[in-house]
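Below, each chain spelled out in residue letters.
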Amino acid sequence: MSMKQRTGKKALVIGGGAPNSTLIAGALAAFLEEGIEFDVISASGAGVLMGLLYTAPRDCSPREALMRWAEVGVADSIYKLFPVNYKVFKKPGRDAETYRGALAPMPAMPQMGGNPFVDIFTKQFADASGAWNDWMHLMVSALSPSDLSSKSLGLCAHLPFLEQSIDFEAVPRMRPEFYLNAYNVNQHRMQIWGKNEIEPQHVRAALSFPFLYAPTEIGGEDFIEGAALETLNLTPFMPGPDGEKPLHDEIETLIVLDILGEDRLIRKPRNLYDAWVRSMITPLVKISKNEMRLFELEHNIDPATGKRRRDILKVDLMGGVPDEHWPQVLDWSSSNMQLLFDVGYKAGLDFCRQHREQLAEAEEISPLAA
């Protein structure tokens, strides 16, 4: 009996959203543990960083890189007094950059059990608690000079630890195809870059959320974060403007990691800082929900047959968040980021076990079984 090849090709879409991104990191760690591999990964916003830690981390394993991201939170004792993640959001300007470089080389992550800037401060406190390290880090960050002024185009420096976290030489060699997006504000269009094009400047462009970061200039053009306008980078799976086939029409299963399309993120703020954070998140919630709905209704249907082009599976990343924890779910505190990593990890495991057969690698099956 002749055999039919089932391609079983899978794609992963990783959406934007930074404060609760450890949900994604946990789910990706679960995918690693379960041996799930993808043919295509398409990411936007903070999902770009998560995707690259998952596929091309520098000087550590993917699982270790994802677990380290869960450590970038600020100790709760400090966060209650100063609710800003000074480990991730650095002061901008050449003076600040020189200051950081003069103290010590950057490590691969903002927090890896030690001070991200100055080993000289932390060597004598090798056995100190994470809270003590965070206090030292706050002191070093507070002393940093800055050229921030009313003429600045953004509050923060563009991810100064990026090159120490991602192995950009390995990106073109990674197994899956990889795409990220950024919006060209000069030409008013979304730009997609593939893995053979991706350099640090493209990742910084993909993470240049307005007001937090100045636009990133590439080739004389200015770019902002693609997730500010399209929280899910679905372009590689959509037909072209003139009806061309999608760039990856061969994908049979599309798995979505989305941490923005959740109505429970829209809620009464606890304080002024929380209100500011939620002012950014609130419109993105509806953008994400509408994007997914539009894609399913208009872009995932083959006009010739009326059938779905592929199955779409969404991981329930937030279902395991305790009800009483929702007011803190956007905090950069250590306890929140670790809790969300654990929730995401469990959600990833549950998803893999629920869809184990569909996530299996390609295999040959008989026509009777097809």
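Scroll up for the structure.
Note that the coordinates shown come from a computational prediction; the quantities given were computed from them, not determined experimentally. (Residues numbered from 1 in each chain as written. Predicted model: local features only at pLDDT ≥ 70, side-chain atom pairs only at ≥ 80, totals over all residues. Heavy atoms only, no water.)

Caption draft 1: Quick look at helix α1 (residues 22–34). Between its terminal C-alpha atoms α1 stretches 18 Å, which fits the 18 Å expected from 13 residues at 1.5 Å a residue. Burial analysis of α1 places 11 of its 13 residues in the buried class, which makes it a mostly covered element. Residues of α1 that are buried make contact with β2 (10–14), α2 (46–55), α3 (62–69), β10 (253–257), α11 (334–354) and α12 (356–359). Within two residues after α1, glycine 35 carries a phi angle of roughly 70 degrees, on the positive side. (Helix = DSSP H or I, 4+ residues; strand = E, 2+ residues; numbered from the N terminus. Expected span 1.5 Å × (residues − 1). Buried < 20%, exposed > 50% of the residue type's maximum accessible area, 1.4 Å probe, protein only. Contact = heavy atoms within 4.5 Å.)

Caption draft 2: Summary view of the layout of surface pockets. There is about 790 Å³ of room inside the largest pocket. Lining the largest pocket are 41 residues, with Val88, Phe89, Cys156, Leu212 and Tyr213 positioned closest to its centre. Listed by contribution, the elements that provide at least two residues to the lining of the largest pocket are α2, α7 (130–142), β4 (154–156), β7 (211–213) and α10 (272–299). Per-element tally for the lining of the largest pocket: the top contributor is α10, with 6 residues. Residues belonging to the lining of the largest pocket are distributed by class as follows: 32 nonpolar, 5 polar and 4 charged. Taken as a whole, the second largest pocket encloses approximately 390 Å³ of empty space. Residue lining of the second largest pocket: 17 residues in total, with Pro92, Gly93, Cys156, Ala157 and His158 positioned closest to the centre. The set of elements that each furnish at least two residues to the lining of the second largest pocket consists of α5 (94–103) and β4. Sort the elements by how many residues they give to the lining of the second largest pocket and α5 lands first, with 3 residues. Tallied by class, the residues present in the lining of the second largest pocket amount to 7 nonpolar, 4 polar and 6 charged. (1 Å grid on protein atoms, 1.4 Å probe; cavity = no way out; pocket = protein on both sides within 12 Å on 5 of 7 lines; lining within 4 Å. Points joined across faces, edges and corners; volume = space filled by probe spheres on them. Nonpolar A, V, L, I, M, F, W, Y, C, P; charged D, E, K, R; others polar.)

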